[in-house]
Amino acid sequence: MLKAKENPALDPRLLAFFAYDLLGTALATESEKLRTLTALGFTVPVWRPVLATAAEPAFGAFAASRDRDDFEADGIVLRLDDCTLAQRLGVTAHHPRGAIAWKYTASADTTTLQTVHWSVARTGTITPVALVAPVSLSGATVTRATLHNLSNLRRLGLRPGDVVELVRRGGVIPHVERVVTASDNPALEPPAHCPSCGTPTRVSVREEGKGKPVEVLVCGDPANCATARQRSLLHYCQALDLEGFGDKVVETLIDQGLVDTPADRYDLAAGDLLPLPRFGEVLVDNLLGQIARA
């Protein structure tokens, strides 16, 4: 990981921390907690006490002011002010019953579909990704948008040149919502062969979301697919927080036949890594140190 002095964009002084709760106290209300946090010198989120009947107008006021914020937000949280009552209500497997999130309307705009890229995941699933003409959503320039799965691609009936509506759901993930104006070009079809290894693809039916069956495209031989193997190893490194094992490093290790499974990583030695292109002593020492730590 780059240090702040090596990359000013990663300077931790540019980060902002907002304290939104205070635990282990006998304070009776959420309002008291926030006032106490402020008195202790913490920055707290913008908040206001409202009656239940005034919740919707308050939400509208927050939504109207979101463009003036220095950060992106996807909604607000309404909490019961009475801490005792909130505790008595308990929690579900998903959220406390004394709080609820209200989401803003997703940022949306139209753009032109250029083509669809098929991305191979670590499990061998091949996901369609829309490549579109650059468009600004929530202050970010978007050129790619998820299509999720084969069923969704077929539902949309996408063609190159279509004018499509993009929605940035949750203020984060660009998603192709619908076709606004269809082009006269032939409809896009899924690849018959894996774009990474060339193995014939197959369609698998899975249950996603609320148990609804969807069709997904998969590589016919993910165990021997270079991209699936690479992303599986990357996922393993990320799960263990192994610094330095990025795309290029993992790709090189696979290409050189040094690793094939996550377990192979623990057999690596300096003599294996130092002869590799752009593997200097500093990088090698860091990689071996990360492996030893894991």
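Residues numbered from 1 in each chain as written. Predicted model: local features only at pLDDT ≥ 70, side-chain atom pairs only at ≥ 80, totals over all residues. Heavy atoms only, no water.

A. Seen up close, the pattern of salt bridges. All chains considered together, the criterion is met by six salt bridges. With its nearest N and O atoms 2.5 Å apart, the salt bridge here joins Glu215 to Arg154. Of this pair, Glu215 sits in strand β9 (residues 212-219) while Arg154 is found in helix α4 (residues 150-156), placing the two residues 61 residues apart along the sequence. Overall, the relative accessible area of 26% leaves Glu215 in the partly exposed class. Where salt bridges share partners, they join Asp21, Glu30, Lys33 and Arg79 into one cluster. (Salt bridge = Lys/Arg side-chain N within 4 Å of Asp/Glu carboxyl O. Helix = DSSP H or I, 4+ residues; strand = E, 2+ residues; numbered from the N terminus. Buried < 20%, exposed > 50% of the residue type's maximum accessible area, 1.4 Å probe, protein only.)

B. Highlighting the state of the cysteines. On inspection of all chains with the given rule, the structure shows zero disulfides. Its sulfur unpaired, Cys197 is 3.6 Å from the next cysteine sulfur, which belongs to Cys219. Take Cys237: it sits in no disulfide, and the sulfur closest to it among the cysteines is that of Cys225, at 18 Å. Accessibility expressed as a relative area gives 2% for Cys237, which makes it buried. (Disulfide = S-S within 2.5 Å.)

C. Structural view of a nonpolar patch on the surface. A cluster of nonpolar residues, Phe17, Leu40 and Phe42, forms a patch on the protein surface that exposes about 350 Å² of accessible area. As for its placement among the helices and strands, Phe42 is situated in the loop between α1 (30-39) and α2 (55-65). (Patch = residues over 30% accessible without salt bridge, like charges linked within 9 Å, V, L, I, M, F, W, Y side chains within 5 Å. Areas by Shrake-Rupley, 256 points an atom, 1.4 Å probe, with all protein chains shown as cover.)

D. Spatial organisation of the pairing of strand β4 (residues 125-137). Sheet topology note: the strand β3 (residues 107-120)/β4 ladder contains seven bridges and is antiparallel. The residue of β4 that forms the bridge with Val120 is Ile126. Of the strand pairs in this sheet, β4 and β9 are connected by two bridges, and their pairing is antiparallel. Bridging across to β9, Ile126 finds its partner in Leu217. Of the pairings in the sheet, the one linking β4 to strand β5 (residues 140-146) comprises six bridges and is antiparallel in character. Its bridge partner being in β5, Leu131 is matched across the sheet by Arg144. In textbook terms, the turn of a hairpin is the stretch between consecutive antiparallel strands, and for β4 and β5 this stretch comprises two residues, one of which, Ser138, has a positive phi near 50°. (Pairing = 2+ DSSP bridges.)

E. Representation of the packing of helix α5 (residues 226-239) against helix α6 (residues 247-255). Put simply, α5 and α6 touch, their axes get as near as 10 Å, and they point 125° apart. Here α6 runs oblique to α5, going by the angle between their axes. In the packing of α5 onto α6, the handedness of the crossing is right-handed. Contacts between α5 and α6 pair Arg229, Gln230, Leu233 and Leu234 from the former with Asp247, Val250, Glu251 and Ile254 from the latter. Looking at side-chain class alone, the contact of α5 with α6 contains four nonpolar, one polar and three charged residues. (Axes fitted to C-alpha atoms, helices over the stretch in contact; angles between N-to-C directions. Parallel < 35°, antiparallel > 145°, perpendicular 65-115°, else oblique. Left-handed = near helix turned anticlockwise from the far one by under 90°. Contact = heavy atoms within 4.5 Å. Nonpolar A, V, L, I, M, F, W, Y, C, P; charged D, E, K, R; others polar.)

F. Molecular detail of the side chain of Asn152. Within the secondary structure, Asn152 is located in helix α4. Polar contacts involving the side chain of Asn152 include one to the side chain of Arg155, which spans 2.8 Å. In this structure, Asn152 is in contact with Leu147 and His175, ignoring residues within four places of it in sequence. (Polar contact = N/O pair within 3.5 Å; in protein donor to acceptor, adjacent residues only side chain to side chain.)

G. Geometry of unusual backbone geometry. Unlike most non-glycine residues, Asp241 shows phi in positive territory, near 60°. Relative to the assigned elements, Asp241 resides in the loop between α5 and α6. For Asp241, a relative accessible area of 52% corresponds to the exposed category. Located in the positive-phi region is Arg278, a residue other than glycine, with phi close to 65°.

H. Spatial organisation of the packing of aromatic side chains. Using the criterion set out here, one finds three aromatic pairs in the structure. Ring centres of Phe17 and Phe42 lie 6.4 Å apart, and the angle between their planes is 65°; on these two criteria the pair is classed as edge-to-face. Of this pair, Phe17 sits in the segment before α1 while Phe42 sits in the loop between α1 and α2, and the two are 25 residues apart along the sequence. For Phe17, a relative accessible area of 59% puts it in the exposed group. Geometrically, the ring pair formed by Phe59 and Tyr104 is tilted, given 5.6 Å between the ring centres and 35° between the ring planes. Taken together, the residues span a long stretch of sequence, with Phe59 in helix α2 and Tyr104 in the loop between β2 (99-103) and β3 at a distance of 45 residues. Of the two residues, Phe59 and Tyr104, neither departs from the other in class, the shared state being buried. (Phe/Tyr/Trp six-rings, centres within 6.5 Å; stacked < 30°, edge-to-face > 60°.)

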